[in-house]
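Residue-level structural notes
Spelled out, the chains give:
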Amino acid sequence: GIQVEQSPPDLILQEGANSTLRCNFSDSVNNLQWFHQNPWGQLINLFYIPSGTKQNGRLSATTVATERYSLLYISSSQTTDSGVYFCAAWGGAGSYQLTFGKGTKLSVIP
Amino acid sequence: KAGVTQTPRYLIKTRGQQVTLSCSPISGHRSVSWYQQTPGQGLQFLFEYFSETQRNKGNFPGRFSGRQFSNSRSEMNVSTLELGDSALYLCASSLAKGLQRETYEQYFGPGTRLTVT
């Protein structure tokens, strides 16, 4: 099945700094999602981005499907951005499942 | 529109017991998936249901089972609980239409945190 790798595994930022999280996947995908897991465990949808670029406030994401990677940009980070960020890719036609990376744990300090 | 709801939110069980978790999808969503999250294995796919049919199952023992009802609500059951079953169980729903090559954005519920002692 498809493999999803995220980097870096951990990231510590000063409030106000910018960051880039990376997600590599092993095969072509037609569904790529980014999530933020809050301290209570819920996965919050950030982007559904099989290809191209999308922006939502201070967050933006770019997926280059032909090169099998996606990037999540966080600008002017805030302490509330802390948590774990996951990317997940659809496991191929007929799999009906998302394959998750291991996540990037982001800590934003004041 | 209400999001995905899961009940109960927290559960403590003893080894050997069985447990049933419930998931109500977003109104209009007919696909429901279940995932297990543990610190060691991360997020792993359990199974997916569409229109009361299981379309795929992850690599879990037969003690893990599920079903979907005609109103799209889903339950998962774990029998003969083991300590290693302690995890956060997440349910997701999507607007799938039942086509083989379709993909849709998945929306997750708050999860059920199961502790097995």
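For the structure itself, look to the data block above.
In what follows, the accompanying structure is described. What you see is a predicted model, and the numbers here were worked out from it, not measured in a lab.

1. Some words on the sheet that holds strand β1 (residues 5–7) of chain B
Residues and elements named next belong to chain B.
- Pairing is antiparallel across the open sheet formed by four strands, whose spatial order is β1-β3-β8-β7. The two strands at the open ends of the sheet, each matched to only one other strand, are β1 and β7 (64–68). Here the strands of the sheet are splayed against their neighbours by 20° on average, with no regard to which way each runs.
- Bridge analysis of β1 against strand β3 (residues 19–24) gives three bridges, and the strand direction is antiparallel. Note that in β3 the partner of Thr-5 across the bridge is Ser-24.

2. Things to note about empty space enclosed by the protein
- Tallied over the full model, the rule gives one cavity of 30 Å³ or more.
- Of the volumes computed, that of the largest cavity is approximately 50 Å³.
- Forming the walls of the largest cavity are Trp-90 and Tyr-96 of chain A together with Ser-31, Ser-33, Glu-48, Arg-55, Ser-94, Ala-96, Glu-102, Thr-103, Tyr-104 and Gln-106 of chain B.
- Taken together, the residues that form the lining of the largest cavity break down as four nonpolar, five polar and three charged.

3. Focus on the packing of aromatic side chains
- Under the definition given, this model contains nine aromatic pairs over all chains.
- Here the aromatic rings of Phe-100 of chain A and Phe-108 of chain B are separated by 6.0 Å at their centres, their planes lie at 75°, and the arrangement is edge-to-face. Placement of the pair is Phe-100 of chain A in strand β10 (residues 98–100) and Phe-108 of chain B in strand β10 (residues 107–108), with the two residues belonging to separate chains.
- The class for Phe-108 of chain B is buried, based on a relative accessible area of 4%.
- Ring pairs connect the aromatic residues Phe-35, Phe-86 and Phe-100 of chain A together with Tyr-35, Phe-45 and Phe-108 of chain B, which therefore count as one cluster.
- A cation sits over an aromatic face here: Arg-22 of chain A above Tyr-69 of chain A, 4.3 Å from the ring centre.
- In this arrangement the basic side chain of Arg-55 of chain B is found over the ring face of Tyr-96 of chain A, its NZ or CZ atom lying 3.7 Å from the centre.

4. Things to note about the environment of Ile-49 of chain A
Residue and element names in this part refer to chain A.
- By the secondary structure assignment, Ile-49 is in the loop between β5 (43–48) and β6 (52–56).
- Taking C-alpha positions, Ile-49 is 7.5 Å from Ala-61, a pair spaced twelve residues apart along the chain.
- Residue contacts for Ile-49: discarding those within four places in its chain leaves Leu-32, Trp-34, Lys-54, Ala-61, Thr-62, Thr-63 and Ser-70.

Parameters at a glance
- Residues numbered from 1 in each chain as written.
- Chains lettered and ligands numbered in written order.
- Predicted model: local features only at pLDDT ≥ 70, side-chain atom pairs only at ≥ 80, totals over all residues.
- Heavy atoms only, no water.
- Pairing = 2+ DSSP bridges.
- Helix = DSSP H or I, 4+ residues; strand = E, 2+ residues; numbered from the N terminus.
- Axes fitted to C-alpha atoms, helices over the stretch in contact; angles between N-to-C directions.
- 1 Å grid on protein atoms, 1.4 Å probe; cavity = no way out; pocket = protein on both sides within 12 Å on 5 of 7 lines; lining within 4 Å.
- Points joined across faces, edges and corners; volume = space filled by probe spheres on them.
- Nonpolar A, V, L, I, M, F, W, Y, C, P; charged D, E, K, R; others polar.
- Phe/Tyr/Trp six-rings, centres within 6.5 Å; stacked < 30°, edge-to-face > 60°.
- Buried < 20%, exposed > 50% of the residue type's maximum accessible area, 1.4 Å probe, protein only.
- Lys NZ or Arg CZ within 6 Å of the ring centre and 35° of its normal.
- Contact = heavy atoms within 4.5 Å.

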